[in-house]
Amino acid sequence: MEMGFRWYGSQNDQIHLADIRQIPGVRQVVGALFDIPVGEVWPEDQIIRLKHQIEAAELKFTVVESVNIHDDIKIGLPSRDRYIENYQQTIRNLAAAGVRTICYNFMPIFDWVRTNLHFSLADGSQALAFEHRQVQRQPQDIIHEIENNANGFVLPGWEPERLAQVQQLFDAYAGVDETQLAANLNYFLDAIIPVCEECHVQMALHPDDPPRELFGLPRIYKNLADMNRIVAMNPSTANGFTICTGSLGENPQNDIPAIIREFVPQGRVPFVHARNIKFMNDQGDFHESAHLSSMGSLDMFAIMQALHETGFSGVIRPDHGRDIWHESGRPGYGLYDRALGITYLNGLWEALEKQS
Ligand SMILES: [Mn+2]
């Protein structure tokens, strides 16, 4: 297991690589080129520049999050072939820079949805939250909510240029149900997996967040059954998963240790997001919480134990953190609470190592 930390780059992140270097036990920076429009090729020289920057801080760069999928691919338009060719080239360019894992998602229009980015917790900290009654509103209201509360930062998957066209996007997805979306993922995988095999890169699909249908848009990766269906689409181990404990955990029916025990031994899990959430009621409304098991609804020890038992050797990173200690940055991506999460997860791991 190697501990990582997501970083938005020197132009887009208030956190410096030197700060990340000081978090005990961090080895990896999970990065991306955030300025390349979705669908375009990531130039090799820019990837190499990012790699050198990260390595100059004595950290490694082998996981990219995310190379987002153009909507034309998810909708299944004829123009998808051009975007798939670009994606293949991006895979080759990333591989040439030593990247081994590409995290991506296949969620229509919205990467992830929260209804409050500054939900106040009893201890005075703030966290991201999701309440079902809030998504009865128009998608446009949610877009305004996210944009107006992101402290001036662009949040991943919420690019204003793309969402300005949200009504057109909804129209384009009108005929895409779950079966069609699955067929479009299958088409994409069949085109890119041979390239991944050739370059020794593993794809790591991120679960849908939250793992339920929203605004009538279909979902593809909500639970273990969905994961089995995705494996059956293309059995290559290059067809892998990101296990995001928070996203999967947002459905209380999901047994995350069981999911880990199924897919880590198959060699399909190069990347894990560790996050705890707390259910606020039995309708599935939740807020994100500190990583400590007792602060949320997930048993983080049982999750780390399953990873340890199955010999997980990929990269794990704290997913989101709360805003604490007067920090006010990109919601969910502050330094302090994610660093606390790392220290806690490393403590669990050390105990598991020494006990075994
Ligand atoms: Mn995640």
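These lines cover the structure that appears in this document, whether it is placed above or below. Note that the structure is a prediction, hence the values are computed from the model and not measured. (Residues numbered from 1 in each chain as written. Predicted model: local features only at pLDDT ≥ 70, side-chain atom pairs only at ≥ 80, totals over all residues.)

## Points about the overall build of the protein chain
No. 1: Secondary structure assignment for the protein chain yields 13 helices and 12 strands.
No. 2: Since a compact globule built from 356 residues should have a radius of gyration of about 21 Å, the 19 Å found for the protein chain is in line with a globular shape.
No. 3: Projecting the C-alpha coordinates of the protein chain onto the three principal axes gives extents of approximately 50 × 45 × 40 Å.
No. 4: Burial status across the protein chain gives 44% buried among its 356 residues.
No. 5: Within the protein chain, counting contacts between residues at least 6 apart in sequence, those at least 24 apart form 73% of the total. (Helix = DSSP H or I, 4+ residues; strand = E, 2+ residues; numbered from the N terminus. Rg over C-alpha atoms; globule rule 2.2 N^0.38 Å. Buried ≥ 20, exposed ≤ 12 C-beta atoms within 10 Å, placed from the backbone. Contact = placed C-beta atoms within 7 Å.)

## Things to note about the environment of F271
No. 1: Along the chain, F271 turns up in strand β9 (residues 271–274).
No. 2: Sequence separation between F271 and Q126 is 145 residues; the distance between their C-alpha atoms is 27 Å.
No. 3: Leave out the neighbours within four places in its chain, and F271 touches V63, T101, C103, A204, T242, G314 and V315.

## So, the environment of F119
No. 1: Along the chain, F119 turns up in strand β5 (residues 116–120).
No. 2: Expressed as a C-alpha distance, the spacing of F119 and H326, which sit 207 residues apart in the sequence, is 15 Å.
No. 3: Every residue in contact with F119, bar those within four places of it in the chain, is listed here: Q126, A127, L128, A129 and H287.

## Thoughts on the sheet that holds β5
No. 1: Ordered in space as β5-β6-β11-β10, the four strands form an open sheet in which the pairing is antiparallel. Both edges of this open sheet fall to β5 and β10 (276–279), since each of them pairs with a single strand only. Across the sheet, the mean angle separating the axes of adjacent strands is 45° when strand polarity is ignored.
No. 2: Sheet topology note: the β5/strand β6 (residues 126–130) ladder contains three bridges and is antiparallel. Paired with F119 across the two strands is A127, which belongs to β6. (Pairing = 2+ DSSP bridges. Axes fitted to C-alpha atoms, helices over the stretch in contact; angles between N-to-C directions.)

## Some points on the nonpolar core
No. 1: Counting 92 residues, the largest nonpolar core has I102 and L307 as the members making the most contacts within it.
No. 2: In terms of residue count, helix α8 (residues 178–199) provides more of this core than any other element does, seven residues in total.
No. 3: Excluding anything up to four places from it in sequence, L307 contacts M1, I260, V264, V272 and F312. (Core = buried A, V, L, I, M, F, W, Y, C linked by C-beta atoms within 7 Å.)

## Quick look at the packing of helix α4 (residues 80–96) against α8
No. 1: At a minimum axis separation of 10 Å, α4 and α8 run at an interaxial angle of 20°. The angle between α4 and α8 places the two elements in the roughly parallel class. Handedness of the crossing formed by α4 with α8: right-handed. Residue-level inspection shows I84, Y87, Q88, I91, R92 and A95 of α4 in contact with α8, the latter providing F188, A191, I192, V195, C196 and C199.
No. 2: Broken down by class, the residue content of the contact of α4 with α8 amounts to 10 nonpolar, one polar and one charged. (Parallel < 35°, antiparallel > 145°, perpendicular 65-115°, else oblique. Left-handed = near helix turned anticlockwise from the far one by under 90°. Nonpolar A, V, L, I, M, F, W, Y, C, P; charged D, E, K, R; others polar.)

## Let's talk about the packing of helix α12 (residues 300–309) against helix α13 (residues 336–355)
No. 1: Two elements in contact, α12 and α13, have axes whose closest approach is 10 Å; the angle formed by their N-to-C orientations is 50°. Put simply, α12 runs oblique to α13. Crossing of α12 over α13 shows right-handed handedness. Contacts between α12 and α13 involve M300, F301, M304, Q305 and H308 on the former and, on the latter, L345, L348, W349 and L352.
No. 2: Here the residues of the contact of α12 with α13 sort into seven nonpolar, two polar and no charged.

## Focus: the pairing of strand β1 (residues 2–6)
It is a general feature of regular strands that their side chains alternate between the two faces of the sheet.
No. 1: Among the five residues in β1, four count as buried, and that is most of the element.
No. 2: Both β1 and strand β12 (residues 315–318) contribute to a ladder of two bridges, which runs parallel. In the strand pairing of β12, E2 is matched with V315.
No. 3: Of the strand pairs in this sheet, β1 and strand β2 (residues 26–30) are connected by four bridges, and their pairing is parallel. Note on β2: the bridge partner recorded for G4 is Q28.

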